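Now for the letters of each chain:
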Amino acid sequence: YVVPVILLILVLLVGTSEGGAQRWLVIGSFNFQPSELMKIGIVIFFAYHIEKNYDRMNRFKTGVLPYLLALAVVAALLMMEPHLSGTILICTVALSIFWNWQSLVLLQSLALCCICLFQRDMDTSRPESSLGLTHSPIVRAAHGRPVNP
């Protein structure tokens, strides 16, 4: 968990930008996204600590809150890149480790609402620009841009 978090911080400081998002670290001729390492790191972190602290998992303060805080740090770093799909995936996997599916659906619905609110500031033209649809009246209206450029 610690190494991927440090790498996510490094992406924000010295990472390279491609396609409007700063997600890549370059080491020599090797490029990689630390968020991919975090997908594995968060599972190992949660699994190890839940197993070690199993007797305290039934209390919110000692069994849920520390994991939510650790996940919030990761989600905040990923959203600063911005990396919405990675954030959703990592949060879903992490939360599914220690919650039943009903609670997970409720939390994911809440998270999706929050993400939709924060996404307004993100560059939403990237998928359309790669398809050459940035001047389409439908796409422009969907993103709150004037229909007539």
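You'll find the structure just up there.
Residues numbered from 1 in each chain as written. Predicted model: local features only at pLDDT ≥ 70, side-chain atom pairs only at ≥ 80, totals over all residues. Heavy atoms only, no water.

Q: Whenever I open this one, helix H3 (residues 60-80) confuses me. Can you help?
A: Residues that lie three or four places apart on an α-helix share one face, since the helix turns once every 3.6 residues. Between the first and last C-alpha of H3 there are 28 Å, a value that for 21 residues agrees with the 30 Å anticipated at 1.5 Å per step. Along H3, the residues classified as buried are Gly63, Val64, Tyr67, Ala70, Leu71, Val74, Ala75, Leu77 and Leu78. All buried residues of H3 lie within an arc of 165° about the axis, which places them on one face of the element. Facing away from the buried side of H3, by more than 90 degrees, are the exposed residues Phe60, Lys61, Leu69 and Met80. Where H3 is buried, its residues touch helix H1 (2-14), helix H2 (34-52) and helix H4 (84-98). (Helix = DSSP H or I, 4+ residues; strand = E, 2+ residues; numbered from the N terminus. Expected span 1.5 Å × (residues − 1). Buried < 20%, exposed > 50% of the residue type's maximum accessible area, 1.4 Å probe, protein only. Arc of directions from axis to C-beta. Contact = heavy atoms within 4.5 Å.)

Q: Teacher, can you tell me more about unusual backbone geometry here?
A: The phi angle of most residues is negative, glycine excepted, and most peptide bonds adopt the trans form. Residue Glu81 is joined to Pro82 through a cis peptide bond whose omega torsion reads -10°. Tracing the backbone shows Pro82 in the loop between H3 and H4.

Q: Explain the sheet that holds strand S3 (residues 30-32) here, please?
A: In sheet architecture, strand pairing relies on hydrogen bonds along the backbone and comes in two forms, parallel and antiparallel. Spatially, the three strands line up as an open sheet ordered S1-S2-S3, and their pairing is antiparallel. Unpaired on one side and paired on the other, strand S1 (16-18) and S3 mark the two borders of the sheet. The mean angle between the axes of side-by-side strands here comes to 40°, regardless of whether they run parallel or antiparallel. Judged from the three bridges that link them, S1 and strand S2 (residues 21-27) form a sheet pairing that is antiparallel. Its bridge partner lying in S2, Glu18 is registered against Ala21. In the packing of H1 onto the sheet, contacts are made with S1, S2 and S3, and the angle to S2 comes to roughly 100°. (Pairing = 2+ DSSP bridges. Axes fitted to C-alpha atoms, helices over the stretch in contact; angles between N-to-C directions.)

Q: So what exactly am I meant to see when it comes to H2 here?
A: Counted at 1.5 Å a residue, the expected span for H2 with its 19 residues is 27 Å, and the 26 Å between its end C-alpha atoms agrees. If you check which residues of H2 are buried, you get Pro34, Ser35, Met38, Gly41, Ile42, Phe46 and Ile50. Where H2 is buried, its residues touch H1, S2, S3, H3 and H4.

Q: What should I look at first to understand the nonpolar core in this one?
A: With 19 residues, the main nonpolar core has Met38, Ile42, Phe46, Leu71, Val74, Ile90 and Phe98 as its most contacted residues. If you list the elements that add at least two residues to this core, you get H1, H2, H3 and H4. Examining the composition of this core, we find that seven residues originate from one element, H3, more than from any other. (Core = buried A, V, L, I, M, F, W, Y, C linked by side-chain atoms within 4.5 Å.)

Q: Help me out: how do you make sense of the packing of H3 against H4 in this one?
A: Where H3 contacts H4, the axes come no closer than 9 Å and their chain directions differ by 170°. Taken together, the axes of H3 and H4 lie roughly antiparallel to each other. Contact with H3, carried on its side by Val64, Tyr67, Leu68, Leu71, Val74, Ala75, Leu78 and Met79, involves Leu84, Gly86, Thr87, Ile90, Cys91, Ala94, Leu95 and Phe98 of H4 and no other residues of that element. Of the residues contributing to the contact of H3 with H4, the split by class is 14 nonpolar, two polar and no charged. (Parallel < 35°, antiparallel > 145°, perpendicular 65-115°, else oblique. Nonpolar A, V, L, I, M, F, W, Y, C, P; charged D, E, K, R; others polar.)

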